[in-house]
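A closer look at the structure
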Amino acid sequence: LWLLDAEAPRPPWAGAGTLLQPATRDALRGVLERQQLNEILSSHSHADLPGHVSGFPRSARFAHKTGTTDNHASDAGIVREGELHYIVA
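The structure reproduced in this document is the subject of the present report. Bear in mind that the values here come from a model prediction, so they are computed numbers and not experimental data. Chains are numbered independently. Their residues run from 1 in the order of the written sequence. For this predicted model, a pLDDT threshold of at least 70 governs which residues receive local features, and a threshold of 80 or more governs which side-chain atom pairs are given and counted, while totals over whole chains, interfaces and linings are taken from all residues. Neither water nor hydrogens contribute to the side-chain values; these are computed over all heavy atoms in the structure.

1. Some points on the pairing of strand S3 (residues 84-88)
Going by this rule: At least two bridges found by DSSP between two strands are what make those strands a pair. Only DSSP runs of H or I reaching four residues or more are called helices, and only runs of E reaching two or more are called strands; each is numbered from the N terminus.
Pairing of strand S2 (residues 75-81) with S3, which is carried by five bridges, proceeds in the antiparallel orientation. Bridging from a neighbouring strand, Ile78 pairs with Ile87 of S3. Between S2 and S3, which pair antiparallel one after the other, the connecting turn spans two residues, and Gly82 there sits at a positive phi close to 60 degrees.

Following this line, the structure appears as structure tokens:
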């Protein structure tokens, strides 16, 4: 995720070279922004269920990748909400 975030500081393990071209980085981040599995960290689809705990505000942009299987659920992504900008897993 760090490599897909153009505004993030350069990771110390990345060295001096460019690991992803800007067009590739933007295309990959776009795929993550458009994915529709929103049951874990961005749980807007469950807002009307009893006991729902709100996650990110609807206005937040969340470029994320889920890793849900039959036994486990996971989610990680880049969140942007106004001045806030962070990676969460």
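2. What to know about the environment of Leu41
The criterion, for reference: Two residues form a contact once any of their heavy atoms are found within 4.5 Å.
Note that Leu41 resides in the loop between helix H1 (22-34) and strand S1 (61-66). For Leu41 and Ser54, which are 13 residues apart along the polypeptide, the C-alpha to C-alpha distance reads 9.0 Å. What Leu41 contacts, discounting residues up to four positions off in sequence, is Gly55, Phe56, Phe62, Asp75, Val88 and Ala89.

3. Regarding the environment of Ala60
To keep things clear, this is the line we draw: Burial classes follow relative accessibility: with a 1.4 Å probe on protein chains only, a residue under 20% of its type's maximum area counts as buried, one over 50% as exposed, and anything between as partly exposed.
Looking at the element boundaries, Ala60 is found in the loop between H1 and S1. Among the residues examined, Ala60 registers a relative accessible area of 15% and is labelled buried. The sequence separation of Ala60 and Arg80 amounts to 20 residues, and the corresponding C-alpha distance is 5.6 Å. Residues within four places of Ala60 in sequence aside, it is in contact with Val79, Arg80 and Glu81.

4. Describing the pattern of salt bridges
Two side chains with opposite charge may pair up if their charged atoms get near one another. What counts here: By definition here, a salt bridge exists when the distance from a side-chain nitrogen of Lys or Arg to a carboxyl oxygen of Asp or Glu is within 4 Å.
This structure, assessed with the given rule, holds six salt bridges. For the salt bridge of Asp5 with Arg80, the shortest nitrogen-to-oxygen distance reads 2.8 Å. Within this pair, whereas Asp5 is found in the segment before H1, its partner Arg80 is found in strand S2, the two being separated by 75 residues in sequence. Considered together, Asp5 and Arg80 belong to a single accessibility category, that of buried residues. When the shortest N-O distance is used, the salt bridge between Arg29 and Asp26 registers 3.3 Å. You can see Arg29 and its partner Asp26 sitting in helix H1, three residues apart, about one turn around the helix. Looking at Arg29, the relative accessible area reads 15%, which means it is buried. The structure contains a network of salt bridges with shared partners spanning Arg25, Asp26, Arg29, Glu33 and Arg61.

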